[in-house]
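If you want the building blocks of each chain, they are given just below.
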Amino acid sequence: MNTPPSPAPLRRRRQAPQEPASGAAPRRRAQARKPAGEPGRFWQRIPPALRAVILLLLLTAFLTGAVAVTRSYLAAQEERRRLEAEAAERAQHPLYYADLITQYALSQELDPALVSAVILCESSFDPAAESRLGARGLMQLMEDTAAWIAHKLGEDDGSYSFDRLYDPEVNIRFGTWYLGYLSRRFDGDATKIICAYHAGQGNVDSWLSNPLYSHDGVTLDTIPTQDTAAYASRVLRAQAVYQKYYFPQPTPEPSPAL
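Since the model is a prediction, treat every value here as computed from it, not as a measurement.

Student: How would you explain the layout of surface pockets if you had to name every residue and give the values?
Tutor: The space that makes up the largest pocket amounts to roughly 460 Å³. Ala135, Gln140, Met142, Tyr197 and His198 are the residues nearest the centre of the largest pocket, which is lined by 16 residues in total. Counting residues per element, the lining of the largest pocket draws most heavily on helix 7 (residues 190-199), which supplies four residues. Here the residues of the lining of the largest pocket are counted per class, giving nine nonpolar, five polar and two charged.

If you want it as structure tokens, here you go:
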């Protein structure tokens, strides 16, 4: 019996080369070249002395800017505090009846700021104010003083009554007339005018004649009573505030050149 011939052996296909194992050295990759104009290389080519100068200039510019910003911030804060202080000062020194105050103050050659300050300290601009001693109205005039003023003004006829002192117009007119009288009597000295308005002109005369309170009989160096001294201080401070915000003093014109 004949056996069939054996088939010829198949040739193995050549396998593609495999990637190296993980532990094998990786293939080299082309390294990217740095561009010639890179800042690092440019900075390295600058001489060290010049680099130091540049850094110093940059630091100076930075510090100058920081100082300017700080000054601007501090100035803004200072301006804010100033405006807040002014607003508080205005709130503590309101002004009402400005037209009446100006009209009658000027008629007596008085500073309207002084009249405003007296009203503030006497009644806080309350026309219905009445003290425990019986003084009435905005400028807190006593009954006998108001009657004397009405007589001086020729208004002590049947139409006058003490109740009229609740009327702001009458009260300001009487009060400014009295301040004007005291101003003429005491040569426009604000301290003596205010003291006389509070304590009476007779007391001021007595203080001026006492060397303990006046060295020359004209200047009131010391106000002996504490309540009058405190009152005068309050009025003078308030007068300065009213001058600042409501009745600024006119700037004197310069003398003509010779």
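Anyway, onward from the coordinates.
Student: Summarise helix 7; cite the residues concerned and give the values.
Tutor: An α-helical turn contains 3.6 residues, so any two residues separated by three or four positions project in the same direction. By the burial criterion, the buried members of helix 7 are Lys192, Ile193, Ile194, Cys195, Ala196 and Tyr197. Contacts made by the buried residues of helix 7 are with helix 4 (112-123), helix 6 (168-185), helix 8 (201-208) and helix 9 (226-245). One side-chain oxygen of the residue at the start of helix 7 lies 3.0 Å from the amide nitrogen of Thr191, identifying that residue as Asp189. Looking one or two residues beyond helix 7, the residue adopting positive phi is Gly200, at roughly 100°.

Student: Could you give an account of the pattern of salt bridges, with specific residues and numbers?
Tutor: Scanning the model with the defined rule gives eight salt bridges in all. In this structure, Glu84 engages Arg80 in a salt bridge whose closest nitrogen and oxygen atoms are separated by 2.9 Å. Taken together, the residues span about one helical turn, with Glu84 and Arg80 both in helix 2 (residues 48-92) at a distance of four residues. When its relative accessible area of 37% is taken as the criterion, Arg80 is described as partly exposed.

Student: Run through the nonpolar core, naming residues and quoting values.
Tutor: The tendency in soluble globular proteins is for nonpolar side chains to be buried side by side. Membership of the largest hydrophobic core comes to 45 residues, with the highest contact counts inside it found for Val115, Val118, Ile119, Met139, Leu179, Tyr197 and Tyr242. Leave out the neighbours within four places in its chain, and Val115 touches Ile101, Ala105, Leu110, Met139, Thr176 and Leu179.

Student: Please set out the environment of Thr219 residue by residue, giving values where relevant.
Tutor: Within the secondary structure, Thr219 is located in the loop between helix 8 and helix 9. Residue classification places Thr219 among the partly exposed residues on the basis of a relative accessible area of 31%. Residues Thr219 and Trp207, spaced twelve residues apart in sequence, show a C-alpha to C-alpha distance of 9.8 Å. Each residue touching Thr219, except ones within four places of it in the same chain, is listed here: Leu208, Tyr213 and Ser214.

Cut-offs used in this document
- Counting restarts for each chain, with residues numbered from 1 along the sequence as it is written.
- Per-residue local features of the predicted model are confined to residues with pLDDT of at least 70, and side-chain atom pairs are confined, for both listing and counting, to 80 or more; whole-chain, interface and lining totals are unaffected and use all residues.
- In computing side-chain properties, one takes all heavy atoms of the structure into account and sets aside hydrogens as well as water.
- A cavity here means a set of points on a 1 Å grid, drawn over the protein atoms and nothing else, where a 1.4 Å probe fits but cannot get out; a pocket is an open set with protein on both sides within 12 Å along at least five of seven lines, and a residue lines either one if it has an atom within 4 Å of a point.
- Grid points are joined across faces, edges and corners, and a volume is the space filled by probe spheres set on the points.
- Numbering of helices and strands runs from the N terminus; a helix is a DSSP stretch of H or I covering at least four residues, while a strand is a stretch of E covering at least two.
- Each residue receives one of three labels: charged for Asp, Glu, Lys and Arg, nonpolar for Ala, Val, Leu, Ile, Met, Phe, Trp, Tyr, Cys and Pro, and polar for the others, Gly being one of them.
- Using a 1.4 Å probe on the protein chains alone, a residue whose accessible area is under 20% of its type maximum counts as buried, one over 50% counts as exposed, and one in between counts as partly exposed.
- Two residues form a contact once any of their heavy atoms are found within 4.5 Å.
- N or O atoms within 3.5 Å of each other form a polar contact, as long as, within protein, one can give a hydrogen and the other can take it, and as long as residues adjacent in sequence are counted only when both atoms are side-chain atoms.
- For this analysis, a salt bridge means a side-chain nitrogen from Lys or Arg found within 4 Å of a carboxyl oxygen belonging to Asp or Glu.
- Residues belong to one nonpolar core when they are buried, are Ala, Val, Leu, Ile, Met, Phe, Trp, Tyr or Cys, and are joined through side-chain atoms within 4.5 Å.

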